[in-house]
Amino acid sequence: MAPAATLDHAVATLTDGSEVRTPFWHIDSGRAGESFMVLAAQHGNEVQGCEVIRRFREVCEQGLRAGEVFLVPFANLPALRHRRSHISLGPEQSYSDDAGHNMNRTWPGDPEGNDTARVSHSIYEAVARHCSRCLDLHSWSRFTATATLARSDNEHSTAMARASAIRFISWRPGGGNTGGGTTIGAHFNNDPARGAITIELAPQWVIRPKEVAEGLRAATNCAKLFGMLDGDPEPLDGPYVEFGLDAEGDEARLHKLEAPCAGLFVEAGLQTSDRVEADQVLGHLIREEDLATVEFHAPAAGYLWNYGCFREHSDVGLPGQHPWADAGDLLASVRES
Ligand SMILES: [Zn+2]
């Protein structure tokens, strides 16, 4: 008999005395095994993982045979209601203007801290402290490919990344945790008995079938890796593209296409993560100076890591997504596998 999910809430009391009740599902197989936490939307504009979790719940209800899962689709409920990354942000303010409200830097939270740290503390107490594995679902802008962020010094994180079937793996050597505060992934990966990966399901603001399917496959594959679901992880179609541990080699395998002049960049209908062949058309510029069409071709065969003209703050404002290119702007980059 498949176990049904039960609904529970992590309850935080905010500085003004009001409560945030974060809903989560718990599914217990009744048998020994890992305790697997999947959370999404620590940043309120990163919503693809919410739907991944809704669908992963159905998978677990049908087949969980060992261990238990805790599923938190709305990790930062106040930021979702605010429709921005953090509750502290106004229009076009960068993620880094967090004023201490970047939930991703607050783990394991603080019951006496600011309102965001209080919410993360409530989730830590109700969910994370019971868990041995963690999948943290985020999204970055559409101009950088969907990728797994994993820690090379934690064997569980390493195994999860290689089971994820997400094309790009960005390895982090561990030890460093820049920007102050701890991500939930670092909190898990600093303990050799636990492990975590983060998956950035590009892009933000929207929920798309392709990335939801990739996220669901990653969560399902991890559960299979842990022996919680029957079957082998579904493999990636083609090779992983890995980087982060060999700066020189990474540089040699990354081929950048930059605008030689100013103009409007017109994409050729591709998306990040797409396979491209050397010389394949990637798009063209309508050149500012003389309105000439300047066509661009892939500088190498590989997978699109960056695609489209963008600049700083493309994740929080439309001007940063504008296809007007200045000379020297990055238009695309291809990583060799
Ligand atoms: Zn995020």
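Caption draft 1: Molecular detail of the layout of surface pockets. Taken as a whole, the second largest pocket holds about 300 Å³ of empty space. Contributing to the lining of the second largest pocket are 14 residues, with Tyr 95, Gln 204, His 313, Ser 314 and Asp 315 lying nearest its centre. Counting contributing residues per domain, the lining of the second largest pocket is built from domain 1 (6-243) and domain 2 (254-335), each supplying no fewer than three.

Caption draft 2: Main features of helix H4 (residues 155-163). The set of residues buried in H4 consists of His 156, Ser 157, Thr 158, Met 160, Ala 161 and Ala 163. Backbone geometry just after H4 places Ala 165 at a positive phi near 60 degrees.

Caption draft 3: Region of interest: the sheet that holds strand E16 (residues 324-325). One open sheet holds the four strands; their spatial order is E14-E13-E11-E16, and the pairing between them is antiparallel. Of all strands in the sheet, those with a lone pairing partner are strand E14 (293-297) and E16, marking the two edges. Here strand E11 (residues 263-267) pairs with E16 via two bridges, running antiparallel. Counted as the bridge partner of Leu 264 is Trp 324 from E16.

Caption draft 4: Structural detail: the coordination of the zinc ion. Looking at the zinc ion, the protein donor atoms are His 43 (ND1), Glu 46 (OE), Glu 46 (OE) and His 138 (ND1), and they sit 2.1 to 2.6 Å from it. The site at the zinc ion holds four donor atoms, and with the angles between them running 55 to 152 degrees, its shape is irregular.

Caption draft 5: Region of interest: the side chain of Thr 220. By the secondary structure assignment, Thr 220 is in helix H6 (residues 209-225). Thr 220 gets classed as buried once you look at its relative accessible area, which sits at 13%. Of note is the side chain of Thr 220, whose polar atom sits 2.8 Å from the backbone oxygen of Leu 216. Look past the residues within four positions of Thr 220 in its chain and what remains in contact with it is Phe 56, Val 59 and Leu 229.

Caption draft 6: The arrangement of the domain arrangement of the chain in detail. Split by domain assignment, the chain resolves into domain 1 (6-243) and domain 2 (254-335). The centre of domain 1, based on its C-alpha atoms, is set 31 Å off from the matching centre of domain 2. Across the boundary between the two partners, domain 1 contributes 22 residues, which contact 21 residues of domain 2. Summing both sides of the interface, domain 1 and domain 2 together bury roughly 1,800 Å²; the carbon and sulfur share of this comes to 58%. For the interface between domain 1 and domain 2, the tally reads one salt bridge. The residue Glu 267 makes a salt bridge to Arg 142 at a minimum N-O spacing of 3.0 Å. Where domain 1 packs against domain 2, one counts six residue pairs in polar contact (both at pLDDT 80 or more).

Caption draft 7: Structural context of the state of the cysteines. Scanning the entire structure with this criterion turns up zero disulfides. Just so you know, Cys 50 is unpaired, no disulfide at all, and the nearest cysteine sulfur is the one on Cys 134, 15 Å from it. Free cysteine Cys 222: the closest other cysteine sulfur is in Cys 134, separated by 10 Å.

So, how was this worked out
- Residues numbered from 1 in each chain as written.
- Predicted model: local features only at pLDDT ≥ 70, side-chain atom pairs only at ≥ 80, totals over all residues.
- Heavy atoms only, no water.
- 1 Å grid on protein atoms, 1.4 Å probe; cavity = no way out; pocket = protein on both sides within 12 Å on 5 of 7 lines; lining within 4 Å.
- Points joined across faces, edges and corners; volume = space filled by probe spheres on them.
- Domains from an automatic or database assignment.
- Buried < 20%, exposed > 50% of the residue type's maximum accessible area, 1.4 Å probe, protein only.
- Helix = DSSP H or I, 4+ residues; strand = E, 2+ residues; numbered from the N terminus.
- Pairing = 2+ DSSP bridges.
- Donors = N, O, S within 2.8 Å, 3.2 Å for Na, K, Ca; no water.
- Tetrahedral: all angles 85-135°; square planar, octahedral: opposite > 155°, others 65-115°.
- Polar contact = N/O pair within 3.5 Å; in protein donor to acceptor, adjacent residues only side chain to side chain.
- Contact = heavy atoms within 4.5 Å.
- Buried area = accessible area lost by both parts, 1.4 Å probe.
- Salt bridge = Lys/Arg side-chain N within 4 Å of Asp/Glu carboxyl O.
- Disulfide = S-S within 2.5 Å.

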